[in-house]
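Survey of secondary and tertiary structure
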Amino acid sequence: FFKAKDYQNALKSYSEIFLSIGMNTSNDIAHLCETLSGQSKVENESDPVQMKEIQNQINDLRVTAFNNMAMVYLTQEKYDKAIEKCGQCIKCDRYNFKALLRRARACRHLQLFDEAQKDLLFLQKNGYKYDLQIKNELKLLELEKYDTDEVVIDEAEEKEKEKQQRAEEKEKISKKEAQNKHDGSRNYFMFVLVAIIVLVIAVAA
């Protein structure tokens, strides 16, 4: 439905998912397993590994549905609703890239600078330091461009910066490892020297 731009039916289909699995992870998982797998509640509860696997599958489905609904609302420029769905997704998956990025984008469109920046910086600190989408969103915030999603960064330049920064970080790590190795060797020799001195004193006495 989404690809066909039939947004109403797309939202309807995503909403129907929650009739079976609920909107949050606090639902009775055993009941959900019984509904989705066709197995009895007792059988599901007797196999914790299977329960955990099905629980993860249910949560993945819930996250996907929330994310897709948020994307529909973003496309429709219903930014408040997009933020709401992203928030529900993030409750299920704190580090979900799509939800955090889309919430930041929706916040930017509503000129909620601090909220947008907070999500973007959070992503950068948690594994997405060099992501171009995040860098572009931050640049749009800096330029106070609230009504567009255009690319305003020089992607080739940013990739070159990333290459240089990664090389510098690698060099710093190498230097730190070498320093630690040197310190370790020095400490070892100091220990040996002290031991020798103590032994000499003991023999002399």
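Bear in mind the structure is a predicted one, so any value in this text is a computation, not a measurement.

Right, let's talk about the environment of Asp147 for a bit. By the secondary structure assignment, Asp147 is in the loop between helix H8 (132-142) and helix H9 (155-204). In this structure Asp147 comes out as exposed when scored by relative accessible area, which is 75%. Along the backbone, Asp147 and His109 are 38 residues apart, and their C-alpha atoms lie at a distance of 5.9 Å.

Relative orientation of the contacting elements helix H5 (residues 79-92) and helix H6 (residues 97-109) amounts to 155 degrees, with a least axis distance of 9 Å. As far as their axial angle goes, H6 and H5 are roughly antiparallel. The hand of the H5/H6 crossing is left-handed. Contacts from Tyr79, Ala82, Ile83, Cys86, Gly87, Cys89 and Ile90 in H5 reach Ala99, Leu100, Arg102, Arg103, Ala106, Cys107 and His109 in H6. Class assignment for the residues of the contact of H5 with H6 results in 10 nonpolar, two polar and two charged.

With that settled, consider the confidence of the model for the chain. Should the pLDDT be low somewhere, the predicted coordinates at that spot are not to be read in detail. On average, the chain scores 85 in pLDDT, and the residues at 70 or more come to 86%. For the chain, helix H3 (residues 41-45) is the element with the lowest average pLDDT, namely 50, and H6 is the one with the highest, namely 98.

Parameters and conventions
Residues numbered from 1 in each chain as written. Predicted model: local features only at pLDDT ≥ 70, side-chain atom pairs only at ≥ 80, totals over all residues. Heavy atoms only, no water. Helix = DSSP H or I, 4+ residues; strand = E, 2+ residues; numbered from the N terminus. Buried < 20%, exposed > 50% of the residue type's maximum accessible area, 1.4 Å probe, protein only. Axes fitted to C-alpha atoms, helices over the stretch in contact; angles between N-to-C directions. Parallel < 35°, antiparallel > 145°, perpendicular 65-115°, else oblique. Left-handed = near helix turned anticlockwise from the far one by under 90°. Contact = heavy atoms within 4.5 Å. Nonpolar A, V, L, I, M, F, W, Y, C, P; charged D, E, K, R; others polar. pLDDT = per-residue confidence, 0-100.

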